[in-house]
Amino acid sequence: LGANVLFPTMANNPFVLTWDNAAGSNGNYTVVVSATEDFQNKVQLGTSNTNTLNTTIETLNTAMLQAGLNPYIMQKAFIRVETGNAVSNSINFMVTPYPSKKPVITNPTAGAAFALNANDPTAIVTTVKWTDYASYGVDVVYNIGIAKKGETTFQDAGSSTNLKSFDWSNKTLNDAVLKTGAPANVQSEFDVRVTATTKPNPGGTVMISSDVVTIKVTPYPNNVTLYLIGDATAGGWDNAAGNEKMYPL
């Protein structure tokens with residue numbers, strides 16, 4: 001099969017595997033994929049009652065990742081056919097899979113509640129943590145998003161490159177929560193998600209978002225600077241932001 005680089009745009013392309021019928025076979029074949037020649041950690045690719053398996057690149061890609069291959073790395077994959085106690089010879093080929101599974105948020109957990117402290121803005125409230133592939137072979141940028149529960153517009157709540165965690169300070173989380181339009185000093189529910197973004201070359205940009213975890217946050221109001229204007233001030237009635245004669249209260 002040579003060396004193959006797979007991309008998400010190939011997901012619906014066919015993958016066809018054909019083999020000789022074994023003498024005495026009952027016609028129930030299982031095709032398995034492995035990252036090693038001994039097939040100790042094999043994953044089922046598909047079944048067939050003929051000597052041909054018709055599936056898709058997406059199914060093949062998913063099976064290889066489940067078998068232990070990493071995305072964006074050229075590796076050797078092994079395939080064989082099994083029927084009863086009989087197994088075929090194995091074939092192997094070099095392949096670069098693309099990522100398809102979602103990151104999984106492990107912290108905070110659903111229902112966690114945070115009352116943010118305006119008096120200690122740099123203090124760490126919690127650390128957002130998630131699991132993902134052991135290696136991508138390229139840099140992966142993780143973006144944390146937060147939205148009012150049930151809404152689809154997420155505000156930026158932090159990011160990291162390759163690292164699967166991010167510390168939320170009082171200020172970072174408070175700013176993100178207020179950008180959703182949530183009221184201050186009121187506990188509200190928010191959906192949190194992590195999006196993994198990779199840019200293989202070639203292959204364009206691949207973005208995969210986790211399922212959301214719903215938490216509760218009570219934000220504090222951001223400080224607003226007020227200014228005095230009018231006849232009794234040096235700036236008069238000019239309340240333009242660039243007026244250097246304006247002084248905060």
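These lines cover the structure that appears in this document, whether it is placed above or below. Worth saying up front: this structure is predicted, and the values here are computed from it rather than measured. (Residues numbered from 1 in each chain as written. Predicted model: local features only at pLDDT ≥ 70, side-chain atom pairs only at ≥ 80, totals over all residues. Heavy atoms only, no water.)

1. Points about unusual backbone geometry
Stage number 1. With omega at 0 degrees, the peptide bond leading from Asn-107 into Pro-108 counts as cis.
Stage number 2. Tracing the chain through its elements places Pro-108 in the loop between β9 (104-107) and β10 (113-115).
Stage number 3. Located in the positive-phi region is Asn-162, a residue other than glycine, with phi close to 70 degrees.
Stage number 4. As for its placement among the helices and strands, Asn-162 is situated in the loop between β13 (155-161) and β14 (165-169).
Stage number 5. For Asn-162, a relative accessible area of 35% corresponds to the partly exposed category.
Stage number 6. Positioned with a positive phi, Asn-185 is a non-glycine residue whose angle comes to about 65 degrees. (Helix = DSSP H or I, 4+ residues; strand = E, 2+ residues; numbered from the N terminus. Buried < 20%, exposed > 50% of the residue type's maximum accessible area, 1.4 Å probe, protein only.)

2. Digging into the packing of aromatic side chains
Stage number 1. What the rule picks out here adds up to four aromatic pairs.
Stage number 2. A ring pair is formed by Tyr-133 and Tyr-136, whose centres lie 5.3 Å apart and whose planes are at 85 degrees; its orientation type is edge-to-face.
Stage number 3. Note on Tyr-133: relative accessible area 5%, which makes it buried.
Stage number 4. For Tyr-136, a relative accessible area of 4% corresponds to the buried category.
Stage number 5. Here the aromatic cluster, defined as three or more aromatic residues joined through ring pairs, consists of Tyr-72, Tyr-133 and Tyr-136.
Stage number 6. Cation over ring: Arg-80 sits above Phe-39, and NZ or CZ is 4.2 Å from the ring centre.
Stage number 7. Taking the ring centre of Phe-154 as reference, the NZ or CZ of Arg-193 above it sits at 4.0 Å. (Phe/Tyr/Trp six-rings, centres within 6.5 Å; stacked < 30°, edge-to-face > 60°. Lys NZ or Arg CZ within 6 Å of the ring centre and 35° of its normal.)

3. Some points on the pairing of strand β5 (residues 52-56)
Stage number 1. Only one face of β5 is covered, namely the one carrying Leu-53 and Thr-55; the face carrying Thr-52, Asn-54 and Thr-56 has none of its residues buried.
Stage number 2. Pairing of strand β2 (residues 14-18) with β5 involves five bridges; the strand directions are antiparallel. Looking across to β5, one finds that Val-16 is bridged to Asn-54. (Pairing = 2+ DSSP bridges.)

4. Brief notes about the sheet that holds β9
Hydrogen bonds between backbone groups are what pair the strands of a sheet, and the pairing can be parallel or antiparallel.
Stage number 1. Taken in spatial order, the three strands of this open sheet run β9-β11-β14, and their pairing is antiparallel. Looking at strand neighbours, the two that pair on one side only are β9 and β14, the edges of this open sheet. In this sheet, neighbouring strand axes are inclined to one another by 30 degrees on average, regardless of whether the strands run parallel or antiparallel.
Stage number 2. Seen against the sheet, helix α2 (residues 170-179) touches β11 (124-131) and β14 and runs at an angle of roughly 85 degrees to β14. (Axes fitted to C-alpha atoms, helices over the stretch in contact; angles between N-to-C directions. Contact = heavy atoms within 4.5 Å.)

5. A word on the pairing of strand β6 (residues 75-83)
Stage number 1. Of all the nine residues making up β6, eight are buried; the element is thus mostly covered by neighbouring parts of the structure.
Stage number 2. Looking at chain direction, strand β3 (residues 29-34) and β6 are connected through five bridges and run antiparallel. Its bridge partner being in β6, Val-32 is matched across the sheet by Arg-80.
Stage number 3. Direction of pairing for β6 relative to strand β7 (residues 86-87): antiparallel, over a ladder of two bridges. Within β7, the residue paired with Thr-83 across the bridge is Ala-86.
Stage number 4. What sits between β6 and β7 in their antiparallel hairpin is a turn of two residues, with Gly-84 showing a positive phi close to 60 degrees.

6. Quick look at the pattern of salt bridges
Stage number 1. Per the stated rule, a full pass over the model turns up five salt bridges.
Stage number 2. Residue Lys-42 is joined to Glu-82 by a salt bridge in which the shortest nitrogen-to-oxygen separation is 2.9 Å. Linking Lys-42 in the loop between β3 and β4 (43-48) with Glu-82 in strand β6, this pair joins segments that are 40 residues apart in sequence.
Stage number 3. One salt-bridge network, in which partners are shared between bridges, spans Lys-42, Arg-80 and Glu-82. (Salt bridge = Lys/Arg side-chain N within 4 Å of Asp/Glu carboxyl O.)

7. A closer look at α2
Stage number 1. Those residues of α2 lying buried are Asn-170, Leu-173, Asn-174, Ala-176 and Val-177. Take α2 and look down its axis: the buried residues cluster within an arc of 165 degrees, on one side only.
Stage number 2. The inward-facing, buried residues of α2 abut β11, β12 (140-148), β13, β14, β15 (188-198) and β17 (213-218).
Stage number 3. Positive phi appears at Gly-181, one or two residues downstream of α2, with a value of about 95 degrees. (Arc of directions from axis to C-beta.)

Interpretation in functional terms is not warranted from these geometric data alone.
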